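Coordinates in review
Chain by chain, the residues:
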Amino acid sequence: MSENTLDKISDLLRRARSAGADAADAVFVSSTAIGAGVRNGVTEELERSETTDLGLRVFSGKKSAIVSTTTLDPARFDGLVEQALAMAQVLPDDLFAGLAEHSLTGTHTTNTLDLADTAEPDANALLARATEGEQAALAIKGVTNSAGSSASFGRTEVILATSQGFMGSYARTSHSTSVCVLAGQGETMQRDYDYSSAVYLSDLTNPTTLGKQAGENAVARLNPTRPRTGRYPVVFHPRIANSFLRHFVGAVNGSAIARGTSFLKDKMGQKIFADGITVTDDPTRPRGLRSRPFDGEGTLAAPLTLVENGILKSWVLDTRSARQLGLTSNGRAARGASSPPGPSATNLAFAAGHLSPSEVMADIKEGLFITEMMGSSINGLTGDYSRGASGFMIRDGQVAEAVAEFTLAGNLLDIFASLVVANDLVFRFGTDAPTLRSDALSVAGA
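Description of the structure in this document. This is a predicted model, so every value here is computed, not measured.

Describing the packing of helix H1 (residues 3–18) against helix H2 (residues 77–90)
Running from N to C, H1 and H2 cross one another at 45 degrees; their axes reach a closest spacing of 9 Å. Judged on the interaxial angle alone, H2 and H1 are oblique. Along this stretch, H1 crosses H2, giving a crossing that reads as right-handed. Judged by residue contacts, Lys8, Asp11, Leu12, Arg15 and Ala16 of H1 engage Phe77, Asp78, Leu80 and Val81 from H2. When the residues that make up the contact of H1 with H2 are grouped by side-chain class, the tally is 5 nonpolar, no polar and 4 charged.

Listed below in structure tokens is the structure:
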């Protein structure tokens, strides 16, 4: 990030204070993205975008307001400040608004996180990667059509500055490849996919490997039946298992706790998962998909244990939600140029267990192995859970025939308490889980 850009943002904050703001912060985000997509060997998508966004937040007494623009032109700064202060005067007081405590702000040396790759593929390289993945999938016997293959690259640079004197910046890159294909014919067609995303191109899964897996996944799903209605042990593939972490982190979001709209609001310090289960959130993981040296308020990044040995240990907090709860922010604020900070997790994961996936399902006489879920009916107040699903039967501890068109239902408190965690954790998605098993779900099928 150039010194000139940093100077401009410092100047904007000085103007805000001079115009009467008690405090202010500014965030500047500059992004470049390139994407390419093919379908059946024909280029369907080829695009490049470059965006810049500047957001200014001002505080006047207990009032605050945010304005944003797409230019970093100092000639427009005074108008931006004037608009923000005028907006603040007509908004209601917010007793919990304000900058993060200065003692909490800080930054790691960004190169320790290793977030910016020097490799920058051009459109031709992206097209070649997407094509390679699709060709590998179409070569699988039984695959009959492509639903599209894509590859992308992105680079984002972030600057955050506050009138308290904090200024931090970092850059991050992202590479991704995805392949989706169909198997079978007519109404019996089945679709499946595979994808990979990484900070560094060298960490990305080979497109041939992705394509082959996507093709094999689709063929395996052919001729599904419906399981009979009942209550079975259910095992979740890692690409689906991480959804339970998303449900969990939504329930421990500080804003939801402060509003009283979470089924976990009274569970702090209590056992909500089985013995041995740990959930962590780590923004300092090198090359992590959601790593960052500081949060959206400048608070120093640090690992956080949310669940330890099954016991709930912490909420996910930004400054405002922490003040509402009489606590201190744990550096989980996320924000955009035009929106205020809000609590958000970073690299969220279950700790790996000790059993292999085959050991997790070894004692299951009849059960389900879930590879895809769709739709969602989750009651945040009660934890009631219902989702459509597809996958395979488990018979005598082995994955068997394909099944589809059924619904899983239960309550997240019961599901969390029953979870068994396998040892096959791989950091692929930013929110990561190994294979999981629950014996607390009902199946509505045939």
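Remarks on the sheet that holds strand S3 (residues 63–69)
Overall, antiparallel pairing links the 6 strands, which are arranged S3-S2-S1-S4-S5-S6 in an open sheet. Two strands in the sheet have a free side with no partner beyond their single neighbour: S3 and strand S6 (190–198). Between one strand axis and the next, the sheet turns by 20 degrees as a mean value, whatever way the strands run. Note: strand S1 (residues 23–39) against strand S4 (residues 143–162), 14 bridges, orientation antiparallel. Bridge pairing links Gly35 to Ser152 in S4. Each of S1, strand S2 (42–60), S4 and strand S5 (167–183) touches helix H3 (residues 123–138); the most contacted strand, S4, lies at about 140 degrees to it. Along the sheet, helix H4 (residues 207–220) makes contact with S4, S5 and S6, crossing S6 at roughly 155 degrees.

With respect to H3
Taking 1.5 Å as the rise per residue, H3 with 16 residues should run 22 Å; its terminal C-alpha atoms sit 22 Å apart, in good agreement. Of the positions making up H3, those classed as buried are Leu126, Leu127, Arg129, Ala130, Gly133, Glu134, Ala136 and Ala137. Where the residues of H3 are buried, they touch S1, S2, S4, S5 and H4. Where H3 starts, the residue carrying a side-chain oxygen 3.2 Å from the main-chain nitrogen of Asn124 turns out to be Asp122.

Reading guide: rules and limits
- Residues numbered from 1 in each chain as written.
- Predicted model: local features only at pLDDT ≥ 70, side-chain atom pairs only at ≥ 80, totals over all residues.
- Heavy atoms only, no water.
- Axes fitted to C-alpha atoms, helices over the stretch in contact; angles between N-to-C directions.
- Helix = DSSP H or I, 4+ residues; strand = E, 2+ residues; numbered from the N terminus.
- Parallel < 35°, antiparallel > 145°, perpendicular 65-115°, else oblique.
- Left-handed = near helix turned anticlockwise from the far one by under 90°.
- Contact = heavy atoms within 4.5 Å.
- Nonpolar A, V, L, I, M, F, W, Y, C, P; charged D, E, K, R; others polar.
- Pairing = 2+ DSSP bridges.
- Expected span 1.5 Å × (residues − 1).
- Buried < 20%, exposed > 50% of the residue type's maximum accessible area, 1.4 Å probe, protein only.
- Polar contact = N/O pair within 3.5 Å; in protein donor to acceptor, adjacent residues only side chain to side chain.

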